[in-house]
Amino acid sequence: MKKILQQTALAAGLMAVGFGVHAQTITLKVHHFLGPQTIQHTTMLGDWCKNIARDSKDRLKCDIFPAMQLGGTPVQLYEQTRDGVVDVAWTLQIHTPRLAKLEVFELPFMMTNAEATSRAAWDFAQKFAQDDFKDVKMLAIHVHGPGNIYTKAKPVTQMADLKGMKVRAPTRQSSRMLALMGATPVSMPVPQVPEALSKGVIDGAVIPYEVAPSLKVNELTNFTAETDRTYNALYTTVFVMPMNKAKYDSLPADLKAVIDKNSGRELSAFMGRTQSGHDVVGKKVFEASANQKISIIPKAELEKWKKATDSLDDAWVADMTSKGMDGKGMLQSATDLIKQYTK
């Protein structure tokens, strides 16, 4: 009888332990470089966290840390995720040189719209870049909406207007684009734009409507050059959302399934669609600003801009080819995927 009681107690104990492991709440540390009021914090990452909590019946939750609250710099976010300092991050492709293949989507006049291009970027990465992020669990790859040119002293209505102007560039490709168009590109992270504008370090900046009001660009500039939206976008930026691989691997199968359900092409599309959708809100701020004049750059002028910057496509192909890849085929694949998803 004593032996039976011991065995029963042991079995009950094992069941309790098993249930406890199965039912415990796992809280993921999510880190990013923007503020707590941004759409990236409240909706893009916020909704993702709500969805994994819902689908896991609250066994998966998030603590989202904005504005680099857990330390480090934006450039280190991918490494923080890889090394387990954080569980999930949202960051820029340009901060992670190993993801350089994704830069194809940052070429001038590549993007049609953010949702289609985000879907294309995810598919492209699955085909050509999986080895580049094999040290993490990649959750999403997406882009923002069309970029505009904001200037202080004079409007930009044609390419010649950019000559000699110091303009903030967010990416390598946008920097090269501006140089080919006659401007003097100045590379800097987006949080530095307000001070640079106010102190005259730059004469203007290229960014999308979505983030511009939070940087007070509507107050610090007087002119907005918006490209004809029926033409491909002037530029965009690629973002990635990596998850620590060991953290993902440690999850029970059903929670891995929750993460898998809430990642991939559809999450990428949601991120792109949400970020670009906020352009509408941002543009209204500019339309309501008494000091702002918005000019639309027509297709005929944009054709000149595209011709002036077409060499960047060739340079990207040559760079990929020099590394033993089919650069021409990769560029064509990216273009075809965008076309496939553009409605």
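1. Some thoughts on the overall build of the protein
Moving on, step 1. In terms of helices and strands, the protein carries 14 helices and 12 strands.
Moving on, step 2. Considering the protein as a whole, with its 343 residues, one finds that 51% of them fall into the buried category.
Moving on, step 3. Taking contacts inside the protein between residues at least 6 apart in sequence as the whole, the part at least 24 apart equals 76%.
Moving on, step 4. Surface exposure of the protein reaches about 15,300 Å², of which carbon and sulfur atoms provide 56%.

2. Focus: unusual backbone geometry
Moving on, step 1. Positive phi values are uncommon outside glycine, yet Phe109 reaches one of about 60 degrees.
Moving on, step 2. Examined against the element boundaries, Phe109 turns out to sit in the loop between strand 4 (91–92) and helix 4 (114–128).
Moving on, step 3. Even without a glycine there, the phi angle at Lys216 is positive, about 60 degrees.
Moving on, step 4. Looking at the element boundaries, Lys216 is found in the loop between strand 9 (204–208) and helix 7 (217–220).
Moving on, step 5. Of the residues examined, Lys216 reaches a relative accessible area of 45% and is grouped as partly exposed.

3. What about the nonpolar core?
Moving on, step 1. Grouped together as the largest cluster of nonpolar side chains are 101 residues, with contacts concentrated most on Trp48, Ile141 and Ile259.
Moving on, step 2. For this core, the element with the most residues is helix 4, which contributes seven residues.
Moving on, step 3. In this view, Trp48 contacts Leu28, Thr43, Cys62, Val88, Leu139, Met241, Ile259, Asn262 and Leu267; residues no more than four positions away in its chain are not counted.

4. Here we look at the pattern of salt bridges
Moving on, step 1. According to the stated counting rule, one finds 18 salt bridges in the structure shown.
Moving on, step 2. Glu103 serves as the salt-bridge partner of Arg172, at 2.7 Å between the closest nitrogen and oxygen. In this pair, Arg172 sits in helix 5 (residues 172–180) while Glu103 sits in the loop between strand 4 and helix 4, placing the two residues 69 residues apart along the sequence.
Moving on, step 3. Given a relative accessible area of 37%, Arg172 falls into the partly exposed group.

5. Topic: the packing of helix 13 (residues 311–322) against helix 14 (residues 327–341)
Moving on, step 1. For the pair helix 13 and helix 14, interaxial distance at closest approach is 7 Å and the crossing angle is 125 degrees. Between helix 13 and helix 14, the crossing angle belongs to the class labelled oblique. The segment helix 13 lies against helix 14, with Asp313, Trp316, Val317, Met320 and Thr321 engaging Gly327, Lys328, Met330 and Leu331.
Moving on, step 2. Taken together, the residues of the contact of helix 13 with helix 14 sort by class into five nonpolar, two polar and two charged.

6. Comments concerning the state of the cysteines
Moving on, step 1. As enumerated under the stated definition, the model contains one disulfide in all.
Moving on, step 2. A sulfur-sulfur separation of 2.4 Å characterises the disulfide bridge that pairs Cys49 with Cys62. Across the S-S bond of Cys49 and Cys62 the torsion is about -95 degrees, and the bridge reads as left-handed. Taken as a pair, Cys49 in helix 2 (residues 39–55) and Cys62 in strand 2 (residues 60–65) lie far apart in primary sequence, 13 residues in all.
Moving on, step 3. For Cys62, a relative accessible area of 18% gives the class buried.

7. A word on the confidence of the model for the protein
Moving on, step 1. Per-residue pLDDT for the protein averages 94, and the proportion of residues at 70 or more is 93%.
Moving on, step 2. Per-residue pLDDT stays below 50 along residues 11–21; that stretch engages in zero contacts with residues further than four places along the chain or on separate chains.

8. What to know about the packing of aromatic side chains
Moving on, step 1. According to the stated counting rule, one finds eight aromatic pairs in the structure shown.
Moving on, step 2. The side chain of Lys137 reaches across the aromatic face of Tyr248, ending 4.6 Å from its centre.
Moving on, step 3. A cation over a ring is seen here: Lys256 above Tyr248, with NZ or CZ 5.7 Å from the ring centre.

9. Thoughts on the sheet that holds strand 12 (residues 293–297)
Moving on, step 1. Pairing in this open sheet of six strands is mixed, and the strands run 8-7-9-6-10-12 from one edge to the other. Of all the strands in the sheet, just strand 8 (184–187) and strand 12 have a single pairing partner and so form its edges. Here the average twist between neighbouring strands, direction ignored, is 30 degrees.
Moving on, step 2. The pairing of strand 7 (residues 166–169) with strand 9 spans two bridges and is classified as parallel. Within the sheet, the bridge partner assigned to Arg168 lies in strand 9 and is Ala205.
Moving on, step 3. Strands in contact with helix 5 are strand 7, strand 8 and strand 9; relative to strand 7, the strand with the most contacts, it is inclined by about 160 degrees.

Reading the values: rules and limits
- Residues numbered from 1 in each chain as written.
- Predicted model: local features only at pLDDT ≥ 70, side-chain atom pairs only at ≥ 80, totals over all residues.
- Heavy atoms only, no water.
- Helix = DSSP H or I, 4+ residues; strand = E, 2+ residues; numbered from the N terminus.
- Buried < 20%, exposed > 50% of the residue type's maximum accessible area, 1.4 Å probe, protein only.
- Contact = heavy atoms within 4.5 Å.
- Areas by Shrake-Rupley, 256 points an atom, 1.4 Å probe, with all protein chains shown as cover.
- Core = buried A, V, L, I, M, F, W, Y, C linked by side-chain atoms within 4.5 Å.
- Salt bridge = Lys/Arg side-chain N within 4 Å of Asp/Glu carboxyl O.
- Axes fitted to C-alpha atoms, helices over the stretch in contact; angles between N-to-C directions.
- Parallel < 35°, antiparallel > 145°, perpendicular 65-115°, else oblique.
- Nonpolar A, V, L, I, M, F, W, Y, C, P; charged D, E, K, R; others polar.
- Disulfide = S-S within 2.5 Å.
- pLDDT = per-residue confidence, 0-100.
- Phe/Tyr/Trp six-rings, centres within 6.5 Å; stacked < 30°, edge-to-face > 60°.
- Lys NZ or Arg CZ within 6 Å of the ring centre and 35° of its normal.
- Pairing = 2+ DSSP bridges.

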